[in-house]
Amino acid sequence: MQSGLERVRIVLVRPRGAGNVGAAARAMKNCGAGDLAIVRPRARLAAAERMAVHARELVRGARVVNDIATAVADCRMVVGTTSRAGGYRAGAEDLAALAPALLTQAEAGPVAVLFGPEDHGLSNADLRHCQRLCSIDTSDEYASLNLAQAVLLVCWELRRAARRAVPRPPAIAPAPAAAVEALYDHLQEALLRIGFLNPQNPEHLMFTLRALFGRTTLSEHDVRILRGMARQMEWAAGERGATGEPMIASGGVAAASVPRSRRAP
């Protein structure tokens, strides 16, 4: 039986323990997932193969890459796992609620679920590559899960969601992650040029924009339109710079973008 998990890529980011990598591969095979990527492993993969037992081929065939962008470049949705709350992680969704949406996107192409290293999970820099975040319901007293346990629970929940309903292809084909990431980089450059972002901490508002766009499906056509807007902002910033008008505001949102005659007294 095909569960839909064959199009879900499990991405282990900087895993430390060979036992955890091997056990994660076993969990994947238990649930029918077969696409494993490993980003800059600190674990010995030869030892992980031995721990994987009958899932050795998943470890042996894993794509081993140097960065998350490469691991998810062709994915139509990228979901990060987190056990922490607050800050940029406040919008994390319950896994059971998110699973149907992830499987629906998988009908259009590969999707990815990211798991961070055992000692501290995904960093804020890692989360930049995720359109959405998910969490697993655990006790508030001790929310941290072993890496392999987390992989098992995610794959099991996705398998259950696939058995409950047959996912339909999304109405809008989502753009691949590489195109979306290039859009965010372009938007950040343009928003810095017009003074909308604070150059000392541009990521603060960029995380909000990522969450905003992550709640919808960006098609390749949408990406082209938004990048066109970014190019126009860059052109307008160059024109304003040529006339000697101020370019960067100090508060993160450009006061200079509002004509003086329209500013509040």
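This one's a predicted model, so the numbers in the text were calculated from it and none came from an experiment. (Residues numbered from 1 in each chain as written. Predicted model: local features only at pLDDT ≥ 70, side-chain atom pairs only at ≥ 80, totals over all residues. Heavy atoms only, no water.)

Novice: I'm lost on the pattern of salt bridges in this one. Help?
Specialist: Where side chains of opposite charge bring their charged atoms close, a pairing between them can arise. One pass over the structure, following the stated rule, counts 16 salt bridges. A salt bridge links Arg 9 to Asp 35; the shortest N-O distance between them is 3.0 Å. Taken together, the residues span a long stretch of sequence, with Arg 9 in strand E1 (residues 8-13) and Asp 35 in strand E2 (residues 35-39) at a distance of 26 residues. Comparing Arg 9 with Asp 35, the two get one shared label, buried. The partner of Glu 57 in a salt bridge is Lys 29, and the shortest N-O contact between them spans 2.8 Å. A residue pair is termed long-range when its members are at least 10 positions apart, and Glu 57 in helix H3 (residues 56-60) and Lys 29 in helix H1 (residues 18-31) qualify at 28 residues. Linked by salt bridges that have partners in common, Arg 128, Glu 181, Asp 185, Glu 203 and Arg 210 make up one network. (Salt bridge = Lys/Arg side-chain N within 4 Å of Asp/Glu carboxyl O. Helix = DSSP H or I, 4+ residues; strand = E, 2+ residues; numbered from the N terminus. Buried < 20%, exposed > 50% of the residue type's maximum accessible area, 1.4 Å probe, protein only.)

Novice: Sorry if this is basic, but what is going on with the environment of Arg 224 here?
Specialist: Structurally, Arg 224 can be placed in helix H10 (residues 220-242). Here the alpha-carbon distance between Arg 224 and Ala 179, two residues 45 residues apart in the chain, equals 9.3 Å.

Novice: Is there a simple way to explain the sheet that holds E1 in this structure?
Specialist: Within a sheet, adjacent strands bond to each other through the backbone by hydrogen bonds, running parallel or antiparallel. Read across the open sheet, the seven strands follow the order E3-E2-E1-E6-E4-E7-E5; overall the sheet is parallel. Where the open sheet ends on each side, the last strands, each with one partner, are strand E3 (63-65) and strand E5 (93-94). (Pairing = 2+ DSSP bridges.)

Novice: Sorry if this is basic, but what is going on with a nonpolar patch on the surface here?
Specialist: On the surface, Leu 145, Leu 152, Leu 153 and Trp 156 cluster together into a nonpolar patch covering about 320 Å² of accessible area. Inspection of the secondary structure assignment puts Trp 156 in helix H7 (residues 147-164). (Patch = residues over 30% accessible without salt bridge, like charges linked within 9 Å, V, L, I, M, F, W, Y side chains within 5 Å. Areas by Shrake-Rupley, 256 points an atom, 1.4 Å probe, with all protein chains shown as cover.)

Novice: Looking at this structure, how should I read the confidence of the model for the chain?
Specialist: Low pLDDT means the predicted atomic positions in that stretch should not be read closely. Across the chain, the average pLDDT comes to 83, with 84% of residues at 70 or higher. Counting interchain partners and residues more than four positions distant, the pLDDT-below-50 stretch residues 246-265 has 31 contacts. (pLDDT = per-residue confidence, 0-100. Contact = heavy atoms within 4.5 Å.)

Novice: What exactly am I supposed to notice about helix H2 (residues 45-52) here?
Specialist: One turn of the α-helix equals 3.6 residues, which is why residues spaced by three or four share an orientation. Looking at H2, one finds that the buried residues are Ala 47, Ala 48 and Ala 52. The arc enclosing the buried residues of H2, seen along the axis, measures out at 145°, which places them on a common side. The inward-facing, buried residues of H2 contact H1 and H3. Two residues or fewer after H2 comes Val 53, characterised by a positive phi angle close to 55°. (Arc of directions from axis to C-beta.)

Novice: What should I look at first to understand H7 in this one?
Specialist: In this model, H7 (18 residues) spans 26 Å end to end at C-alpha, consistent with the 26 Å of a helix rising 1.5 Å per residue. Among the residues of H7, those classed as buried are Leu 147, Ala 148, Ala 150, Val 151, Val 154, Cys 155, Glu 157, Leu 158, Ala 161 and Ala 162. (Expected span 1.5 Å × (residues − 1).)

Novice: When you look at the packing of H1 against H7 in this model, what are you seeing that I'm missing?
Specialist: Helix packing for two helices is described by the angle between their axes and how far apart those axes are. Between H1 and H7, the shortest axis-to-axis distance is 8 Å and the interhelical angle comes to 10°. When the axis of H1 is compared with that of H7, the two are roughly parallel. By crossing handedness, the relation of H1 to H7 is classed as right-handed. Between H1 and H7, the residues in contact are Asn 20, Ala 23, Ala 24, Ala 27, Met 28 and Cys 31 and Leu 147, Ala 148, Val 151, Leu 152, Cys 155, Trp 156 and Arg 159, respectively. Considering only residue class, the contact of H1 with H7 consists of eleven nonpolar, one polar and one charged. (Axes fitted to C-alpha atoms, helices over the stretch in contact; angles between N-to-C directions. Parallel < 35°, antiparallel > 145°, perpendicular 65-115°, else oblique. Left-handed = near helix turned anticlockwise from the far one by under 90°. Nonpolar A, V, L, I, M, F, W, Y, C, P; charged D, E, K, R; others polar.)

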